[in-house]
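Fold and geometry: a report
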Amino acid sequence: MSANHRPTGQPSQTYDSAFLKACRREPVPHTPVWFMRQAGRSLPEYRKLREGTQMLESCMRPDLVTEITLQPVRRHKVDAAIFFSDIVVPLKAIGIDLDIKPGIGPVVAQPIRRREDLAQLRDLTPEDVAYVTEAIGMLTGELGATPLIGFAGAPFTLASYLVEGGPSKNHEHTKALMYGDPELWADLLDRLAEITAAFLKVQIEAGVSAVQLFDSWVGALAPADYRRSVMPASAKVFEAVAEYGVPRIHFGVGTGELLGLMGEAGADVMGVDWRVPMDEAVRRVGPGKALQGNLDPAVLFSTPEAVAAKTDEVLAAAAGLEGHVFNLGHGVLPTTDPDALTRLVEHVHTRTAR
């Protein structure tokens, strides 16, 4: 079932929202807006709520997840909420020894670099992430007609964390494994595709209205390597959740050269970072998909007039799209003025009102 058919499981009150209409490439009352990392460090109410609570712990407490997810919806009047979590949550849930270190990111105690290391990756069950199901139930009750977006990390990005043992600039261990033992690499990505698909299914069955697959690090690859060594696993994830009929969004950073291939992996909506204009992204992705993006997050540190002007440039470049979801070209930066985001939402809504 495609995202253009009304799915049986999707909450009916969100079906006609501007966000889901844009994802389905249908006419909208205004261009919908949401921001990656809209819930988080840019909000003082978030920092206050998180005081004394580790990141992973906060992802596993439904009360905190619910409040943190709702904060930007209340403040900014965005058209969709995104579930507060982290891409390593399903890995932690199946017993991988990892932690999110402040100022560093996810750190893995025992990196996966040999075939015997694959034994760490068991199947994910709904019971492993019962707190996710509980939090989504609480959220959909609060959000009403505002869609909730679920998400997961894509197999390549999860593999990169697992193989490197943490964040990496050059991905040397990851690429060494990918090139040096392609069979082990394929098996690793296939296992991660199964875990990721299971995690997305839990979220969809709990009530999210759309899902986004984040391939944060895949821009480090050349197109031929992506097609051969990554695309099959990403496609497996998208295919696994296709039957639910919820829109599937795909996003990566620095992926201008990969946009067409990433679109082929099976998403309904392609996320575009700020390096490629939206009209050029249309040409690279081809017809039949909505696009999401793509204001440079750093623009928000400029004057309100400059933000408005750059926003209008994005909207003009996206004017010919069948479906456009306005977003930043990456996540909200931690020191962004929240009022700049609120003004941005209002500006897009006003400028695109039909």
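Rules of the game
Residues numbered from 1 in each chain as written. Predicted model: local features only at pLDDT ≥ 70, side-chain atom pairs only at ≥ 80, totals over all residues. Heavy atoms only, no water. Helix = DSSP H or I, 4+ residues; strand = E, 2+ residues; numbered from the N terminus. Expected span 1.5 Å × (residues − 1). Buried < 20%, exposed > 50% of the residue type's maximum accessible area, 1.4 Å probe, protein only. Contact = heavy atoms within 4.5 Å. 1 Å grid on protein atoms, 1.4 Å probe; cavity = no way out; pocket = protein on both sides within 12 Å on 5 of 7 lines; lining within 4 Å. Points joined across faces, edges and corners; volume = space filled by probe spheres on them. Salt bridge = Lys/Arg side-chain N within 4 Å of Asp/Glu carboxyl O. Pairing = 2+ DSSP bridges. Axes fitted to C-alpha atoms, helices over the stretch in contact; angles between N-to-C directions. Phe/Tyr/Trp six-rings, centres within 6.5 Å; stacked < 30°, edge-to-face > 60°. Lys NZ or Arg CZ within 6 Å of the ring centre and 35° of its normal. Nonpolar A, V, L, I, M, F, W, Y, C, P; charged D, E, K, R; others polar.

1. Side note on helix 5 (residues 62-76)
- A rise of 1.5 Å per residue sets the reference length of helix 5, with its 15 residues, at 21 Å; its end C-alpha atoms lie 22 Å apart and thus fit the reference within 8%.
- Most of helix 5 sits out of view: 11 of its 15 residues are buried.
- Where helix 5 is buried, its residues touch helix 3 (44-50), helix 4 (55-59), strand 1 (81-82), helix 7 (130-143), strand 4 (148-153) and helix 16 (338-352).
- Of the residues one or two after helix 5, Lys77 is the one with positive phi, at around 60°.

2. A word on empty space enclosed by the protein
- One pass over the structure, following the stated rule, counts one cavity of 30 Å³ or more.
- In this structure, the largest cavity occupies an estimated 50 Å³ of space.
- Lining the largest cavity are 11 residues, and of these Thr14, Thr140, Gly144, Thr146 and Leu148 lie nearest its centre.
- Going through the elements one at a time, helix 1 (12-15) and helix 7 are the ones with two or more residues in the lining of the largest cavity.

3. What about the pattern of salt bridges?
- Tallied over the full model, the rule gives 23 salt bridges.
- Here Arg75 ties to Glu45 by a salt bridge, and the two come within 2.9 Å at their closest N and O atoms. On the criterion of sequence distance, the pair formed by Arg75 in helix 5 and Glu45 in helix 3 is long-range, its members being 30 residues apart.
- With a relative accessible area of 28%, Arg75 lands in the partly exposed category.
- The exposure class assigned to Glu45 is partly exposed, which follows from its relative accessible area of 27%.
- Taken together, the salt bridges that share partners define one network made up of Asp123, Asp190, Arg191, Glu194 and Lys236.

4. Quick word on the sheet that holds strand 1
- Pairing within the open sheet is parallel, and its seven strands lie in the order 1-4-5-6-7-8-9. The open sheet has two edge strands with one neighbour each: strand 1 and strand 9 (324-328).
- This element, helix 10 (residues 182-206), spans strand 4 and strand 5 (210-215) of the sheet and lies at about 170° to strand 4.

5. What to know about the packing of aromatic side chains
- Summed over all chains, the structure comprises five aromatic pairs.
- Each ring, one from Tyr46 and one from Phe84, has its centre 5.8 Å from the other, and the planes form 65°; the classification is edge-to-face. In this pair, Tyr46 sits in helix 3 while Phe84 sits in the loop between strand 1 and helix 6 (89-93), placing the two residues 38 residues apart along the sequence.
- Judged by relative accessible area, Tyr46 falls into the buried class, the value being 5%.
- An aromatic cluster is present here, built from Phe151, Phe214 and Phe251 joined pairwise through their rings.
- The ring of Tyr15 is capped by Arg24, whose NZ or CZ atom sits 3.7 Å from the centre of that ring.
- The lysine or arginine in question, Arg275, covers the ring of Trp274, its NZ or CZ lying 4.2 Å from the ring centre.

6. Focus on the layout of surface pockets
- In this model, the largest pocket occupies a volume close to 1200 Å³.
- In this structure, the largest pocket is lined by 37 residues; those nearest its centre are Arg37, Arg41, Met55, Ser85 and Asp86.
- Mapped by element, the contributors of at least two residues to the lining of the largest pocket are helix 3, strand 2 (98-101) and strand 3 (105-108).
- Residues belonging to the lining of the largest pocket are distributed by class as follows: 21 nonpolar, 11 polar and five charged.

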